[in-house]
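Residue-level listing of the chains:
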Amino acid sequence: MIRKKNGFITFICSLVPGAGEMYLGFMKEGLSIMCLAYAMFVAGVWMDASWLMCSISILWFYSLFNVHNKVCLPDEEFYLLEDDYLFRLERILPEEKLNGKQTKIFGWLLVLFGIGTIWRSSIRNLLAVLRTYVSHDFAEVVGNYLYNLPQFVVAAVLIVSGIRLILKKKSEFSADTDAAEQTETADGEKKNGIF
């Protein structure tokens, strides 16, 4: 049961993303925040993405203020709060069978996760071979590119996705403008007695 709690332990728990919510009895919400923070940390370390590591601070502030706002609520409002996950799995993966596009996306995510899991160890082995049979300098150059390749791939995907969204929005705007112009033309012709 969710009970309103005050004091030092609430403050200490609120310093860890998700722990404060869990201490107050909001287990689903706290688990969501904690898992998201852990996933962001792991992904940031895996991709060597400092921007992702820095974005954990946003989640930390959200969790901190969320806990303190809940504690400061009047008792009537606090007891009306419901515990729920931040992200609902049925919205991401519907209960009915996945369609072809969703299956393909999920499959590619699994492939990328598998490649990412063995990426660094494979590069170390390749560089050891290059140092032995080619040259140390060549191995360093190749290593620099290969270690940074995941960042280049993620950046390229983000850029291409952004461009596609911009072009899609622009084409939707053009279609809406054309439809509005056709409607205005038709209305003008009706007023002039052509129809």
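Data block above holds the structure.
Here the structure is a predicted model, which is why all the values come from computation and not from measurement.

About the thresholds
Residues numbered from 1 in each chain as written. Predicted model: local features only at pLDDT ≥ 70, side-chain atom pairs only at ≥ 80, totals over all residues. Heavy atoms only, no water. Helix = DSSP H or I, 4+ residues; strand = E, 2+ residues; numbered from the N terminus. Expected span 1.5 Å × (residues − 1). Buried < 20%, exposed > 50% of the residue type's maximum accessible area, 1.4 Å probe, protein only. Polar contact = N/O pair within 3.5 Å; in protein donor to acceptor, adjacent residues only side chain to side chain. Salt bridge = Lys/Arg side-chain N within 4 Å of Asp/Glu carboxyl O. Contact = heavy atoms within 4.5 Å. Phe/Tyr/Trp six-rings, centres within 6.5 Å; stacked < 30°, edge-to-face > 60°. Bend = angle between axes of the 7 residues up to and from the residue.

Enquirer: Explanation requested: helix α4 (residues 50-72) in the structure shown.
Expert: Every α-helix carries 3.6 residues per turn, so stepping three or four residues along brings you back to the same face. Across its 23 residues, α4 extends 34 Å between first and last C-alpha, which sits within 8% of the 33 Å expected from 1.5 Å per residue. Turning to α4, its buried residues number three or more, namely L52, S55, I56, L59, S63, L64, N66, V67, K70 and V71.

Enquirer: Looking at this model, I keep getting lost on the side chain of K70. Mind explaining?
Expert: For K70, the position within the fold is in helix α4. In this structure the side chain of K70 is engaged in a polar contact, spanning 2.3 Å, whose partner is the side chain of E29.

Enquirer: So what exactly am I meant to see when it comes to the pattern of salt bridges here?
Expert: Pairs can form between side chains of opposite charge once their charged atoms are near each other. In total, this model carries two salt bridges according to the counting rule given. Between K70 and E29 there is a salt bridge, with the nearest N and O atoms lying 2.3 Å from each other. Taken as a pair, K70 in helix α4 and E29 in helix α3 (residues 27-47) lie far apart in primary sequence, 41 residues in all. For the pair formed by K70 and E29, the shared burial category is buried. Residues R131 and E140 are paired through a salt bridge, measuring 3.2 Å at the closest nitrogen-oxygen approach. Classification of R131 as partly exposed rests on a relative accessible area of 36%.

Enquirer: What is the right way to look at the side chain of E29 in this model?
Expert: According to the relative accessible area criterion, E29 is buried, its value standing at 8%. Excluding residues within four positions of it along the chain, E29 makes contact with E21, Y62, N66, K70, D83, D84 and L86.

Enquirer: So what exactly am I meant to see when it comes to the packing of aromatic side chains here?
Expert: To describe a pair of aromatic rings, you give the distance between the ring centres and the angle between the ring planes. Scanning the model with the defined rule gives four aromatic pairs in all. Judged by centre distance (5.5 Å) and plane angle (80°), the ring pair of F78 and Y79 falls under edge-to-face. Given a relative accessible area of 46%, Y79 falls into the partly exposed group. Within the aromatic cluster, the residues linked to one another by ring pairs are F26, F78 and Y79.

Enquirer: Hey, could you run me through helix α7 (residues 100-133) in this one?
Expert: Given a rise of 1.5 Å per residue, 34 residues ought to cover 50 Å, and the 46 Å separating the end C-alpha atoms of α7 matches this to within 8%. Its maximal kink placed at W119, α7 deviates by approximately 45°. The complete set of buried residues in α7 reads G116, I123, L127 and L130.

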